[in-house]
Amino acid sequence: MKLKMSVNPNSRTPPSTLMSLKQSWQMLRENYKAFLFTEFFAIAAFLILFFGSLTLLFSIISIIPNYTFINFFYDLRDKFAISLLFRLGISLIFGIILMGFMNCQFGLANDIINSGDMFAQFKGSFHYFRSHWAKFYLLTILQLALSWIFSGPFIGFKNSEPVIGEFTLGHWFVLGLRIIFQFFWFLLWIHSFPSVVYQNNLWKALKESYIIFKTEFRRIVKAWGIFFTVFFLPILLLNLFIIIFPSAHQENIFVLILALGFMLLLLLIGFPLLTLLATGIYNNSYIRINSKNSEIFQNNYDSHDSLK
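The structure presented is a predicted model; accordingly, all values stated were derived computationally and were not measured. (Residues numbered from 1 in each chain as written. Predicted model: local features only at pLDDT ≥ 70, side-chain atom pairs only at ≥ 80, totals over all residues. Heavy atoms only, no water.)

Engineer: I'm lost on the packing of helix 8 (residues 192-199) against helix 9 (residues 202-215) in this one. Help?
Structural biologist: Relative to each other, helix 8 and helix 9 sit at 135°, their axes nearing to 8 Å. By the angle between their directions, the pair helix 8 and helix 9 is classed as oblique. When the axes of helix 8 and helix 9 are compared, the crossing they make is right-handed. When helix 8 is examined against helix 9, the residues Ser192, Ser195, Val196 and Gln199 are found in contact with a partner set consisting of Leu202, Lys204, Ala205, Leu206, Glu208 and Ser209. Residue composition of the contact of helix 8 with helix 9, grouped by class: four nonpolar, four polar and two charged. (Axes fitted to C-alpha atoms, helices over the stretch in contact; angles between N-to-C directions. Helix = DSSP H or I, 4+ residues; strand = E, 2+ residues; numbered from the N terminus. Parallel < 35°, antiparallel > 145°, perpendicular 65-115°, else oblique. Left-handed = near helix turned anticlockwise from the far one by under 90°. Contact = heavy atoms within 4.5 Å. Nonpolar A, V, L, I, M, F, W, Y, C, P; charged D, E, K, R; others polar.)

Engineer: Even after reading the chapter, I still don't get the pattern of salt bridges, so can you show me in this structure?
Structural biologist: If the charged atoms of two oppositely charged side chains come close together, the side chains can form a pair. Using the criterion set out here, one finds one salt bridge in the structure. Between Glu216 and Arg219 there is a salt bridge; the shortest N-O distance is 2.7 Å. A relative accessible area of 5% places Glu216 in the buried class. Under the relative-accessibility criterion, Arg219 is labelled buried at 16%. (Salt bridge = Lys/Arg side-chain N within 4 Å of Asp/Glu carboxyl O. Buried < 20%, exposed > 50% of the residue type's maximum accessible area, 1.4 Å probe, protein only.)

Engineer: Can you walk me through a nonpolar patch on the surface in this structure?
Structural biologist: Together, Leu56, Ile60, Ile63 and Ile64 make up an exposed nonpolar region whose accessible area comes to about 400 Å². With respect to the helices and strands, Ile63 occurs in the loop between helix 2 (32-62) and helix 3 (69-78). (Patch = residues over 30% accessible without salt bridge, like charges linked within 9 Å, V, L, I, M, F, W, Y side chains within 5 Å. Areas by Shrake-Rupley, 256 points an atom, 1.4 Å probe, with all protein chains shown as cover.)

Engineer: I'm lost on the packing of aromatic side chains in this one. Help?
Structural biologist: Two aromatic rings, taken as a pair, are described by how far apart their centres are and by the angle between their planes. Tallied over the entire structure, the rule returns 14 aromatic pairs. Each ring, one from Phe184 and one from Phe217, has its centre 5.8 Å from the other, and the planes form 15°; the classification is stacked. One end of the pair, Phe184, is in helix 7 (residues 169-189); the other, Phe217, is in helix 10 (residues 217-231), and 33 residues separate them in sequence. Among the residues examined, Phe184 registers a relative accessible area of 30% and is labelled partly exposed. Plain terms: the ring middles of Phe227 and Phe228 are 6.2 Å apart, the flat faces sit at 65° to each other, and that makes the pair edge-to-face. With relative accessibility at 19%, the residue Phe228 sits in the buried group. These aromatic residues form a ring-pair network of at least three members: Phe183, Phe184, Phe186, Phe213, Phe217, Trp224, Phe227, Phe228, Phe231 and Phe232. (Phe/Tyr/Trp six-rings, centres within 6.5 Å; stacked < 30°, edge-to-face > 60°.)

Listed below in structure tokens is the structure:
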């Protein structure tokens, strides 16, 4: 009996950018309930824990002699240690509960793409939360690290940007570099999330995401460039508008409604679509095609060897 060889992985062409986006959108339409239930549960769990923590904090403040809630809020604004500790505490709650469960949608995306029946159930989120919450949290910290640092967390809650009257050409140049750098930082690590679901190994996930970034740079820039143009560019332009016209969001309720609409669009549609797109790119990357063909070859070899 001849051993059946696998097809050369380099002979397989990944889907085009538009096809990847179209397939991701189609899968989201067919499974939107599972994604929405996951997000609603994550938000509800976060709010319960957040307000529970605030209640505990205020209870502690109320028993401190000669200290009031007003003193606490002034300290948040002016004192480094208290401000930093409060930020870290909120980030911990936000990361473990909200982002930990939101990132379980990468597990749902994996089920949809690899199950064959294109259907995922909400209860699968609990399985992925139990299995990967710590890895999801660490990857979220890595993914958001630059945004957190750039926001000026080490100077309290004060605005780290100069007012618009003090903006120079240099300020705009640095702002542009920050946006570009954060975009490529996102590209560098986003595919580690679907890799964690598949490999269950954090180090290997980071390595695979880096390889995809290096070997399929043009393809992922096109795909994520379109995604960012649709879901993040409107938010960015609105923020720039507020920077240029700082009183607009205070005087015009339409600006606030528009900001809320963009955020809901990103949360309810953008993030689920992100998980499907990232998982699709990962599954069709050359590193995964090589791995799949190696598995097929090994299975064929084992079957041939057992028939001897």
